[in-house]
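# Breakdown of the fold
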Amino acid sequence: MLGFPVLTALIVLPAIGAALVVAIPRTRPEIVKVVALAVSVAVLVLACYGLYEFATGTAGFQFVSRHVWIKQWGISWHLGIDGISLFLVVLTALLFPFALAGSDAHHDVKAYTAWMLVLEAGCLGVFLALDLFLFFVFWEIVLVPMYFLIGGWGYEGRVYAALKFFIYTMTGSALMLVGILALVFIHAGHTGHLTFDLQTLAREQSFSGSTARWLFAAFAVSFAIKVPIFPLHTWLPDAHTEAPTAGSVILAGVLLKLGTYGFLRFGLYLFPKVSHDLAPLLLTLGVVGIIYGAIVAAVQRDLKRLIAYSSVAHLGFIILGTFALTTQGVQGGIIQMVNHGLSTGALFLLVGMIYERRHTREIADLGGLQKVAPVFAGVFMLVMLSSVGLPGLNGFVGEFLVLIGTFISRRWWAVVAATGVILAAVYLLWAYQRVFHGVPEGENLKFPELRWREGAVLAPVLALIVFLGVYPKPVLDRMEPSVRTLVERVDRQAGTHQPSVAQGGHR
Amino acid sequence: MLAAAGFHVPNLDYHALAPEIVVAATLAVVLVADLFLDDDNKWLLSNVSGWGLLVALFFTIELGARGHTASMVGGAYVVDDFALVLKGLFLVVGYIVLLMSANYVEEGDYYEGEFYFLILCSLLGMVVMSSARDLITIFVALETLSLPAYMLAGWRKRDLRSNEASLKYYLLGVLASAVMLYGMSLVFGFSGSTLLVDIGKATQGTITHAPLVTVGIFFIAVGFAFKVSAVPFHFWAPDTYEGAPTPVTAFLSVASKTGGFVALLQIIYIGFIGRSDVWGPMFWALAALTMTVGNLIALRQTNIVRLLAYSSIAQAGYILVPFAVAGSNTKSIHSAFTASVVYLLIYAAMNLGAFTVVIAVARKTRSGDIASFGGLYEYAPGLTVLMTVFLFSLAGIPPLAGAWAKIFVFRAVLDSGTSSAVALGIVAAVNAVIALFYYASVARVMWMSPVPDGDRTPIRIPATLQAALGLTVLVVVAIGIYPQLFAHLGDVASLVR
Amino acid sequence: MTVPGAWFLTLAAILFVVGAVGLLVRRNVLVMFMCVELMLNAVNLTFVTFARMLDDIGGQVVVFFVLVVAAAEVVVGLGIIVAIFRRRAGATADDISLLRG
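Cut-offs applied
Residues numbered from 1 in each chain as written. Chains lettered and ligands numbered in written order. Predicted model: local features only at pLDDT ≥ 70, side-chain atom pairs only at ≥ 80, totals over all residues. Helix = DSSP H or I, 4+ residues; strand = E, 2+ residues; numbered from the N terminus. Buried ≥ 20, exposed ≤ 12 C-beta atoms within 10 Å, placed from the backbone. Contact = placed C-beta atoms within 7 Å. Rg over C-alpha atoms; globule rule 2.2 N^0.38 Å. Nonpolar A, V, L, I, M, F, W, Y, C, P; charged D, E, K, R; others polar. Axes fitted to C-alpha atoms, helices over the stretch in contact; angles between N-to-C directions. Parallel < 35°, antiparallel > 145°, perpendicular 65-115°, else oblique. Left-handed = near helix turned anticlockwise from the far one by under 90°. Core = buried A, V, L, I, M, F, W, Y, C linked by C-beta atoms within 7 Å. Expected span 1.5 Å × (residues − 1). pLDDT = per-residue confidence, 0-100. Pairing = 2+ DSSP bridges.

## Description of the overall build of chain C
Along chain C, the regular secondary structure elements total three helices and zero strands. The linear arrangement of helices and strands in chain C, starting from the amino end, is α-α-α. Buried residues in chain C amount to 30% of all 101 residues. Residue pairs in contact within chain C that sit at least 24 positions apart in sequence constitute 47% of those at least 6 positions apart.

## A few points about the overall build of chain B
Per the secondary structure count, chain B includes 19 helices and two strands. Relative to the 2.2 N^0.38 estimate, which gives 23 Å for 497 residues, the radius of gyration of chain B is 22 Å and therefore close to what a compact globule would have. A principal-axis box enclosing the C-alpha atoms of chain B has dimensions of 75 × 60 × 45 Å. In chain B, which comprises 497 residues, the share counted as buried stands at 66%. Counting only contacts in chain B whose residues sit at least 6 apart along the sequence, the fraction spanning at least 24 positions is 81%.

## Thoughts on the interface of chain B and chain A
If you look at the interface, chain B gives 21 residues, while chain A gives 21 residues. Looking at the side of chain B that touches chain A, the elements with two or more residues in it are helix H16 (401–416), helix H17 (419–448) and helix H19 (484–492) of chain B. At 10 residues, H17(B) tops the list of elements feeding residues into the side of chain B that touches chain A. Tallied by class, the residues present in the side of chain B that touches chain A amount to 16 nonpolar, two polar and three charged.

## Here's the deal with the interface of chain C and chain B
Tallying the contact residues gives 32 residues for chain C and 33 residues for chain B. Going through the elements one at a time, helix H1 (5–25), helix H2 (29–54) and helix H3 (58–87) of chain C are the ones with two or more residues in the side of chain C that touches chain B. Residue contributions to the side of chain C that touches chain B peak at 15 residues, all from H3(C). Its residues assigned to classes, the side of chain C that touches chain B shows 23 nonpolar, six polar and three charged.

## Some details on the packing of helix H5 (residues 132–153) of chain A against helix H6 (residues 158–191) of chain A
The description of two packed helices rests on the angle between their axes and on the distance between the axes. All names here are of chain A. As a packed pair, H5 and H6 sit with axes 9 Å apart at the nearest point and diverge in direction by 175°. If you check the angle between H5 and H6, you find them roughly antiparallel. Looking at the contact of H5 with H6 residue by residue, the classes come out as 17 nonpolar, three polar and two charged.

## A look at the packing of helix H2 (residues 29–53) of chain A against helix H3 (residues 83–102) of chain A
Residue and element names in this part refer to chain A. At a closest axis distance of 9 Å, the pairing of H2 and H3 adopts a crossing angle of 160°. Viewed along their axes, H2 and H3 adopt a mutual orientation that is roughly antiparallel. Every pair of crossing elements has a handedness; the one defined by H2 and H3 is left-handed. In this structure, H2 uses Ala-36, Leu-37, Ser-40, Val-41, Val-43, Leu-44, Ala-47, Cys-48, Gly-50 and Leu-51 to contact H3, whose residues at the interface are Leu-86, Val-89, Val-90, Ala-93, Leu-94, Phe-96, Pro-97, Leu-100 and Ala-101.

## Quick look at the arrangement of the chains
No other pair among the two pairs of chains in contact exceeds the contact count of chains B and C. Where chain A comes nearest to chain C, the C-alpha atoms are still 25 Å apart, and the two do not contact one another.

## Regarding the nonpolar core
Judged by nonpolar contacts, the single largest core of 442 residues is most densely connected at Val142(A), Tyr343(B), Ile346(B), Val409(B) and Tyr439(B). If you tally residues by element for this core, the top one is helix H13 (residues 330–365) of chain B, at 22 residues. Setting aside residues no more than four positions away along its own chain, Tyr343(B) makes contact with Tyr318(B), Ile319(B), Ala405(B), Phe408(B) and Val409(B).

## Side note on helix H1 (residues 6–23) of chain A
All names here are of chain A. Under the 1.5 Å per step criterion, the end-to-end length of H1 is 25 Å for 18 residues, consistent within 8% with the ideal 26 Å. Within H1, the full set of buried residues consists of Leu-7, Leu-10, Ile-11, Leu-13, Pro-14, Gly-17, Ala-18 and Val-21. Looking at the buried positions of H1, the neighbouring elements they touch are H2, strand E1 (62–70), strand E2 (75–81) and helix H4 (109–128).

## Quick look at unusual backbone geometry
Val227(A) connects to Pro228(A) through a cis peptide bond whose omega is -10°. Within the element layout of this structure, Pro228(A) appears in the loop between helix H8 (209–226) and helix H9 (235–242). We note that Ser229(B) has phi near 55°; this positive angle belongs to a residue other than glycine. For Ser229(B), a count of 28 C-beta atoms within 10 Å translates into the label buried.

## Considerations on helix H13 (residues 327–358) of chain A
With 32 residues, H13(A) extends 45 Å from end C-alpha to end C-alpha; this agrees with the ideal 46 Å at 1.5 Å per step. Of the residues trailing H13(A), His359(A) is marked for its positive phi of about 55°.

## Section: the environment of Phe224(B)
All names here are of chain B. Among the structural elements, Phe-224 can be located in helix H8 (residues 211–227). Spatially, the C-alpha atoms of Phe-224 and Gly-259 are 9.9 Å apart, while their sequence positions differ by 35 residues. If we ignore the near neighbours within four places in the chain, the residues touching Phe-224 are Met-180, Gly-260, Ala-263 and Leu-264.

## Some words on the confidence of the model for chain C
The pLDDT averaged across chain C works out to 83; a share of 84% of its residues lies at or above 70. Interface scoring of the predicted complex returns ipTM 0.89; its pTM is 0.86.

## Description of the environment of Leu268(A)
Residue and element names in this part refer to chain A. Turning to its location among the elements, Leu-268 is positioned in helix H10 (residues 245–270). For Leu-268, a count of 24 C-beta atoms within 10 Å corresponds to the buried category. When the C-alpha atoms of Leu-268 and Gln-62 are compared, they prove to be 20 Å apart, with 206 residues separating the residues in sequence. Those residues within four positions of Leu-268 in sequence are excluded, and the remaining contacts are Phe-263, Ser-275, Leu-486 and Val-490.

## Points about the pairing of E2(A)
Residues and elements named next belong to chain A. With respect to burial, E2 is a largely interior element, five of its seven residues being buried. Two elements, E1 and E2, share six bridges in a ladder whose sense is antiparallel. Within E2, the position partnered with Ile-70 by the bridge is Ile-75. Counted between consecutive antiparallel strands, the loop separating E1 from E2 contains four residues, among which Gly-74 sits at a positive phi close to 65°.

Here it is as structure tokens:
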């Protein structure tokens, strides 16, 4: 491996960028924007370099960087990347320049940009950390900038939404901290050495069944709030609706993935047996989320809120795939994370553009936009169809794999979940129809067409949506070994076997 | 005749007593100099006091670096690592309080010389307390630190609220002393000694289960519960904190409370370590009540000082948690002790920092309402960031120091491992979330609310306050990122081996 | 004839309780001070009795410290009361209740 610490640089670079932004005088917002874009693009380049250098066909962690941080406690700066986290890192690195370029802060650009870059460092840290303590630190770091972004630059109900978001996720974090400490100290009690290292802890499983169940519960609640899984989702519509556009993009595109990623990396990996035992519960909650999200989305009057609820449904699919505990299901879950990040991120950006033009998000106030802004409508249509899961676009690949994976191991859940696909088509197409079809009247007549700059920002995402829909193999190939190892680990620990169909997947 | 009674002149190690001697000399100088200085030159006194504390701190560090230990007057006065670490803490806290008060006292309508004199007196009591290993010494040290504090609480003597603060603090303080003394008398009666070491032997031996010893331990613990403002003995604290001048409030909520905890640590872990059956459940209830009640009442405060008062009550609850879970085995005793000490050290830095920001902001707004912090970010971004750091550290968000304080507490809970300990751990975790609510609310007001009166003139922060802010934030961030150095202090300071 | 030590201890306990109850029940600040004194003297009596019973001089030494501290406490307390008297006429604890919440 190369000497250059790519992963450390991925985290440190945005942090340095934030410091730079803070150092720029408040009177020069244009420099702030250039610096922030340059930094986030540099991060993207680094991430792509990682993607390029990533050794396909290897299950273990790559680019590992490890330095002792706090010796007595066995805490180290331990970063690594594998097939599971690789694409989430790339997605994060892609969405930040996308969000920064795609929308402007309406005041105090400097603080806004600094918070965004801190957020980027935190998100990347969460995906890269292989040390429980380090993971927790980044997990918490993510919260603070998001809280200020929603509260400082959001819409009318922003302060309430920010506090709700903060309290919800913090409750989860407190539980997770207790879980992490309990895990580590119980492990230390059995083996005599204190360590927060994820791999060591997973290797030396040292707790009884009931303890493991409690520990898993502590982690699971925290992740479930972040995802969010059905009964814990109430913070999401408020936070999404009130957040500034870039905040919504990052919230939907990256932050929600922290929870689903957490389930894979810490839930399944650390507690394989419990994950297997509790899978029916989580599958059920996932399916409930799919149906519930779809129904509630269908009756929304606010376009942004509709997309927020559609996220609840999409995340339900990811949970379904994850807890199907088959290679296809988990792969589908991961690729669906990327898909959802791209399509929902783009949808939020488009809704943000609509709001900038019309100063409303009410579906009833819009109409006939297709006539005045055909290109804009076309882009919206493409992104929305990706979200619906139309074959040929990326959303299809994810949902298809998830449903196959679930069908192999848990047939009935897959059957119920499949109705969610239809519901998604219903509410999204109906929303599209109300907003873009018909005859434009009043303000809608003056709806400006997509600008070049906006198009340039959206173009890479649209290209990826199509590319992943047509040719997902490179992505699947890179994540397959890691996923297979993880699923086999769960099977081994739980004493079950995958149905032979699942083994015969493509290689 | 003295010789006949077997009296020997005690062999004092003056080098080991250097910090105490320096503080005592400084306060004498301040008291005398105050008589001869006219009003224009009173500022000299704060400088003299500050330098005195720095010299005392130098000696403390020097003693610690050389590993100098001493046990005097038959073990009643001991200078060891524990004593030195806490002396260092008290001196630094005292220095920061001086920095906080320099402008406050000078610009307000206060007696200056006496103010510094009393602060130094109280600090002397605390420094002595760190070494006191005998019931009499502890009692004298406690009174030395409390009596000046009663007067300081009423320092705005033309303000009825300050008078009231002082009176409430005084009445409950002396009640606590009396209760504690009565407990001490009972313990003395059954152990036959006032030395903590002897009491420790006695309570592990024959008299273990005499009911009056139980009563004695109970009374002593109740007395200290008043001093550290544990629920249900906390009612004086919010009123006193609100009525007292703000630097004094900071001093009371950090130094005075730490003084009480230091005494409690020594008494419990040396004197009564064999009787965890008595104090274990008691501290369990105190800790759970203190955290919960403190946090719940803090939720509905509208005055920032009162909010910090209730928050500091709740923080005292966290410091009590290790006491409650210490009893089960040697390992848990050790980690509980370390947890309490580490928490005290970190708590001092973050709480002083928060109070310093309150003082700085009040220089402009002249108000203690949380609403007056509205839009602080727009005209004082630096202060806002600092206050956010302190509040989030108090809330226990990593990577700030407060997170480590809580992690040490949770380690103590898990090392104990009993079901009651785990239950208390859950209470503590729930409370951490409740606390977050009001800390985040203050942050929200500062960052997101509009400026209440539209006055956006920047705040001029005097150099002394800047220094206080710099010191505290440095500690909070440095410990957060690199806690080894600091955890080492906590380990070194252990009284239990 | 010697009175057994237990009687002194009982007396001290009664004095202590009287003082404590008085402090909590009475509202006149001066009377409250006196109650504190009563409690401290109960403590003194206990210490002296135990010192006698144990034949240990330490307990009697404590009494000197307690006396000195009690005197200092009274000085401070009276100072606070004087400060309040200057501002208002009475010294009833219930009247002094600006701070609540």
